[in-house]
Structure formats: structure tokens, C-alpha cells
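# Working through the structure, step by step
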Amino acid sequence: MTSVSAAGGDKPPAAPKSRKSVTGTRRTVAALFLLPALVLLGALVVYPIGYSVVRSFYDQSGDGFAGIDNYKSLFTDEGIRTALKNNIIWVVFAPTIATALGLIFAVLTERVRWGTAFKLVVFMPMAISMLAAGIIFRLVYDQDPDKGVANAVWVGVHDTFAQASAFPKAHPGRESPLKPAGGGAFITASPVRTGEAVLLPLVGVAPDLMPDGAKAAVAPNPEPDKITGTTWQDFTRGQGVGKLNSVDPAELGYAGMKVEAVKDGKVVASATAADDGTFTLPAAADGAQLRLPASNFKDPYNGLDWLGPSLVTPAIIGSYIWMWAGFAMVLIAAGLASVPRELMEAARVDGASEWQVFRRVTVPLLAPVLAVVAVTLMINVLKIFDLVFIIAPGSSQDDANVLALELYRKGFSEDQPGIASAISVFLLLLVIPVMWFNVRRLRREVRR
């Protein structure tokens, strides 16, 4: 054994081979291909982050070291605190509602024949830029119902149940038999009697704002055991045309005007003026004063102040959901397509209702997809800027403020780059845990 070993000798160890990647590419070659991307990543991501971190410790001039004073401002500055509060509202509500709507749309569209067309319509806002969406919803939320769609719908619904007044500016003219009754109403100076014809002239309504159904006013004809009258626009175009407190042919009646007969503070009879302004009250009104209630003259309902201080943030969140619910729907629909149908059919065979199948089978199986969608939207809303900047008017922008917008304002409008850099670092710290959770979940899914 010794001679054989000596004759043959031990072979020298083989030189290590250069390692290759899984695809067979040498690592040096792979590194060369990655180098341009790494350089761009360093120049466009790593360097700006590092510079912002360093800059956040300097004062406004950029020469003096401020320590952590800029970070203290994040919790003491009123504007930043409002922005932080609004960001919390955004993170809690916007991803939750968008994900829930996406889930509902994805499940329901599986059961309808035109589901593909519906998905296309819901997803279409994703093709619109944030800038264009902001301009669209700035018009949608316009206070004027003739311009803003939201208030046009809201006013239409309101007026269906509570009719708006057509005479908000009407009031008694010179030498009128009417006097103010308090609260915006008007009442006759003296009681009226049956068989009497009463004239109730008013002025103050522009001719083009009179009700569409208004007709030429007609002088009342006295009737026994009744009180008749006319309420009309006592104004005729042209200088010296028409007679005061008298019904002229060119004057219009107040169609729909409510008239009440009041005795001792109680309404004993009421009537509504016809298109020509005439009205008739029964004998019960004898000895009463005629009152035109304040409801005739209240300002028309113009809807909600969507972009006011109290509603501006929910209104902007609504525009965001309009854009991103389609994104959530598409991802969830893709996940739903991979759900085993046998499990749902088995649950139905066991007697489960559709709601139970949805709650106990569909949602648990879609939990990973729902988590990815929700977390992705959370990252997105943490840096929301465009919609808030465009939709919120100057008077409400402080109330709708978010961190990204405050960063812009501090850095460019108020010339405080140190605080702006601190806000950017703070935003990065908020995003990192969410991104880490998302990456960790994706890796877990790949291992499965």
C-alpha cells in the first residue's frame, strides 16, 4: 500500500472554478450588466435620501447646525400636526374603502353577463392622471349647482322632499298693505272680511327668475262668503309704466305663493296662489290677517359646501377612491380567478348561504391578495399630493393639508428647506415598515 501510494503520489488539488449564477452567467459579467442600474439607483435614490437626511439637521440658511430642532417642529408646528392628522385619516379610510369596493366589484361582476364592460368602466379612471382627476373633481364639487355635479344631484334630491322657494328676494314695495311679521314673513296691516278682494303686491324678483309657470296676473273678483285675492310682481318694465299697487296686464302672478289666514296667532285657513297669482280663502278666514309665511322667501337650497373646512378631506378621499377602486378590483379579480371553485361548491352543498360562502370561504382565501392591495394603497396615500393641491381651494387648503403638501409648502413657499427635509425623512420612515411588510408577504407567497 505504501509503495503504490508513493508511486502514484497524491494529486494536487484542482484549481477552483469561477462561480456562475443560476442562469450560467459569470458573476463578473452579471455585475457589469447591473452596474448602470446601480449607478442610476445611487444617483436618483440613495444620494437624494442621504442628502435629505444630512440637510434635515441644518437650519434655514443651510450653514448652521440645528440638531433635532427640525424634527421637533414635526410635532409642534400647527400646520404639520394638521397634515399628520389628515394623513392618518387618509391611511385608515382611503385604502380600506377602495379595497372593500374592489372586492365587492370583483365578486359581483363574476355573476353578470356584462361584467367585463363594467370592469373596464371602473378601471378607466386609472388611465387619467392625478392632475386631470383633480381638475375634474374641482368642478364636480363646485358650490354652484349649475356647475357642480355633486350639488346638482344633492339639490335635486333635497328639492324632491322640500320644495325650494322661487321668491327669495321678494318683499313689499312702496305703500304696500303688507308689513314685516318677523322671521322673514309678511302680514297685512289690517284684518280682511269675506266678500273682500285683497291685493298683496310684492317686488324684488327679477323677471327672468320668475317661475316658469307664472302667467299674467289677474285682478281678484269678490265672492260672497269667501276672501279672494291676488299676489303678484308689482313691477312693469319702462319708466312711468304701470300703476302702483294695481294689477297691470304686463305683470306676472306669484305662482305657488302660500297665503295663510291668521287669528290670534293661529292659522285658521291657507291657500296656494294659482299661476296668475289669484287665491281663495274660505269663510273661516273672516276677520283674520293674511300672512305670507317665511317659507316663500327663504334662500334656495344650494347643497353642501364640499370644499369647505369640514368636508374637504372626505371629498378629496372620494376622488381618490374613484381613481383607485378599479386598481383594487383588477388585482382582486385576478386573485379570485385562482380560487378553487370546488371549495365554494362544497360550502353551498353543505347548506351555506351566499353571504356565508363569501364571508367564510371567499374572503379568507383572498386574504393575501387583499393584504397586498391594502398595503400598496397605504404606501400610495402616504405620499398623496396632487389631488389635495389641486382640489382644495386656498381657503380650505390648510384644513386639507397632508405631509407631502406641507413638504412642498415648507420647501418652496416658506423657504424652510431644513424642515422640508425633516418631513421627507419622516415620510420615508413611515413608508419603510409598510414596504417591509409588503415585501415580506410577497416573499412568503413565492416560497409557497
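Note: the structure precedes this text.
Parameters at a glance
Residue indices follow the written sequence of each chain, beginning from 1 at its first position. In view of the model being predicted, local features appear only for residues whose pLDDT reaches at least 70, and side-chain atom pairs are presented and counted only at 80 or more, with totals across whole chains, interfaces and linings using the full set of residues. With hydrogens and water excluded, all non-hydrogen atoms of the structure serve as input to the side-chain values. Helix numbers and strand numbers start at the N terminus; a helix is a DSSP run of H or I with at least 4 residues, a strand a run of E with at least 2. Each residue gets one of three labels from its accessible area relative to the maximum for its type: buried under 20%, exposed over 50%, partly exposed in between, using a 1.4 Å probe on protein chains only. What makes two strands pair is DSSP finding at least two bridges between them. In this analysis an axis means a line fitted to C-alpha atoms, helices contributing only their contacting stretch, and an angle means the value between N-to-C directions, from 0 to 180 degrees. For a helix, the expected span equals 1.5 Å multiplied by the residue count minus one. The directions considered for the arc run from the helix axis to the C-beta atoms. Any two residues whose heavy atoms approach within 4.5 Å at even a single point are treated as in contact.

Look at E175: it is not a glycine, yet its phi comes out positive at around 55°. Note on placement: E175 falls in the loop between α7 (149-161) and β1 (178-182). Even without being a glycine, D415 presents a positive backbone phi close to 55°. Positionally, D415 belongs in the loop between α12 (403-413) and α13 (417-447). Of the residues examined, D415 reaches a relative accessible area of 46% and is grouped as partly exposed.

This part takes up the sheet that holds strand β7 (residues 278-281). Strand order in the open sheet formed by three strands is β3-β4-β7, and the pairing between neighbours is mixed. Looking at the sheet topology across the chains shown, the edges are occupied by β3 (197-202) and β7. Averaged over all adjacent pairs, the angle separating strand axes in this sheet is 25°, with direction ignored. Summarising the sheet, β3 and strand β4 (residues 227-233) pair through six bridges and their orientation is parallel. Bridge pairing in β4 places L202 opposite Q233.

Turning next to α7. Look at α7: 19 Å from first C-alpha to last across 13 residues, which is about the 18 Å you get at 1.5 Å a residue. Residues of α7 that are buried: A150, N151 and V155. Down the axis, α7 shows its buried residues gathered within 115° of arc, on one side only. When the buried face of α7 is taken as reference, the exposed residues oriented beyond 90 degrees from it are V149, V153 and T160. The secondary structure elements touched by the buried residues of α7 are α6 (130-140).

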